[in-house]
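Below, each chain spelled out in residue letters.
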Amino acid sequence: MTMRSAILGTGSALPARRVSNDELAETVDTSDEWIVERTGIRFRHIAGEDETTASLGTAAAQKALDDAGLDAGEIDLIVLATSTPDQTFPASATIIQTNLGIDDCVAFDVQAVCSGFLYALSVADNMIRGGSARKAIVIGSETFSRILDWEDRGTCVLFGDGAGAVVLGAEESERGILSSKLHADGRHNQLLYVDGGPSTTGTVGKLRMKGREVFRHAVVNLASVLHEALDEAGLATADIDWIVPHQANRRILDATAKKLGLPADKVVITVDQHANTSAASVPLALDTAIRDGRIKRGDVLALEAMGGGFTWGASIVRY
Ligand code: COA
């Protein structure tokens, strides 16, 4: 048997306010028809004043701990993937740590935009397999509504807020994370970025995107990194029970499945309900599909994401 990071539990959390396309169309020059046809998005949740990346991340992490049947005190590592932290520093992972009542553990944030959860999962998996952690919480949590330009209809309709979390545990086991592959190519900075930052403008900035070019890169990169991760795990596409993709756009999900030769009914889709929640979207989709009974213990999952940077990655997991 090999030492692996097994998924012991999952959880997710959404802001209370759910916003339909029709409601958005009251203030933005858009329509339900345009948004559904181009993206598949019907709803998104938007954080209220009292809801933040750390508060949503805490709620998701607590549910994942409950699902795993673990006490917070058993956790020795928290990795939070986010591009929308509560403060520039300290890491929002340390706020979540305190909210969970953990006095001492390793806690830090990872920033790889929409691929952030894949990056965070890989870092936590390596720390577990390397022996420096035994039980970890990996969280993706975002409040992208706070960095959207609500006058740019080409971007503001696409994103939502939310959080998802998994609890990982070291196990001599057949189950767990079988492989991870990560990539970054900083030459594409200007296709998807935020036009502010502490070291340049001293402001938070707003999200900017050339949607059509991002779309073009996404399908190619995602199909190729999924093949790499499958090769590393010694598996074939036919072994995949579920693709759990980053939920950016229904058309990207369909095109990626087609390029891999997988039927559309093996793809977990939540983009219609949550829109693009960046680093939160993969763990949020995973938790949703586990809780509604689609994903079962023993299933082989292919997690994948691509985002600003560009960054992209995939993990193969036996749940
Ligand atoms: N409502 C109505 N019309 C809109 C609109 C909206 N919300 N947003 C853009 N439009 C208009 C544009 O102004 C343009 O009008 P014009 O032809 O009169 O200039 C027209 O729709 C086409 O715009 P374009 O941006 O070329 O559309 P598209 O077919 O490329 O679709 C996206 C736009 C954003 C949906 C698509 O490019 C996409 O999904 N890209 C990937 C984005 C993504 O997933 N990013 C995150 C990765 S992590």
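Scroll up for the structure.
Conventions and cut-offs
- Residues numbered from 1 in each chain as written.
- Predicted model: local features only at pLDDT ≥ 70, side-chain atom pairs only at ≥ 80, totals over all residues.
- Heavy atoms only, no water.
- Near = heavy atom within 4 Å.
- Polar contact = N/O pair within 3.5 Å; in protein donor to acceptor, adjacent residues only side chain to side chain.
- Areas by Shrake-Rupley, 256 points an atom, 1.4 Å probe, with all protein chains shown as cover.
- Helix = DSSP H or I, 4+ residues; strand = E, 2+ residues; numbered from the N terminus.
- Phe/Tyr/Trp six-rings, centres within 6.5 Å; stacked < 30°, edge-to-face > 60°.
- Lys NZ or Arg CZ within 6 Å of the ring centre and 35° of its normal.

Visitor: I tried to follow the site of the ligand on my own but got confused; where do I start?
Guide: As a structural note, the neighbourhood of the ligand is formed by 23 residues, with Thr30, Arg38, Arg153, Gly211 and Asn249 the closest of them. In this structure, a nitrogen atom belonging to the ligand sits 2.7 Å away from a side-chain N or O atom of Thr30. Note that an oxygen atom of the ligand is positioned 2.4 Å from one of the side-chain N or O atoms of Asn249. Protein coverage of the free-state accessible area of the ligand, which is 960 Å², stands at 73%. Going through the elements one at a time, helix H2 (32-39), helix H6 (153-156), helix H7 (211-233), helix H8 (250-260) and strand S12 (300-307) are the ones with two or more residues in the shell around the ligand. For the shell around the ligand, the element with the highest residue contribution is H7, accounting for 4 residues.

Visitor: Mind showing me how you'd approach the packing of aromatic side chains here?
Guide: When we look at a pair of aromatic rings, we describe it by the centre distance and by the angle of the planes. Tallying each qualifying case throughout the model produces 1 aromatic pair. Just above the ring of Phe43 sits the side chain of Arg18; from NZ or CZ to the centre is 3.6 Å. Residue placement shows Arg297 over the ring face of Tyr319; its charged tip is 3.8 Å from the ring centre.

Visitor: So what exactly am I meant to see when it comes to the side chain of Ser179 here?
Guide: Within the secondary structure layout, Ser179 lies in strand S8 (residues 176-184). At a separation of 2.7 Å, a polar atom in the side chain of Ser179 contacts the main-chain carbonyl oxygen of Ala229.

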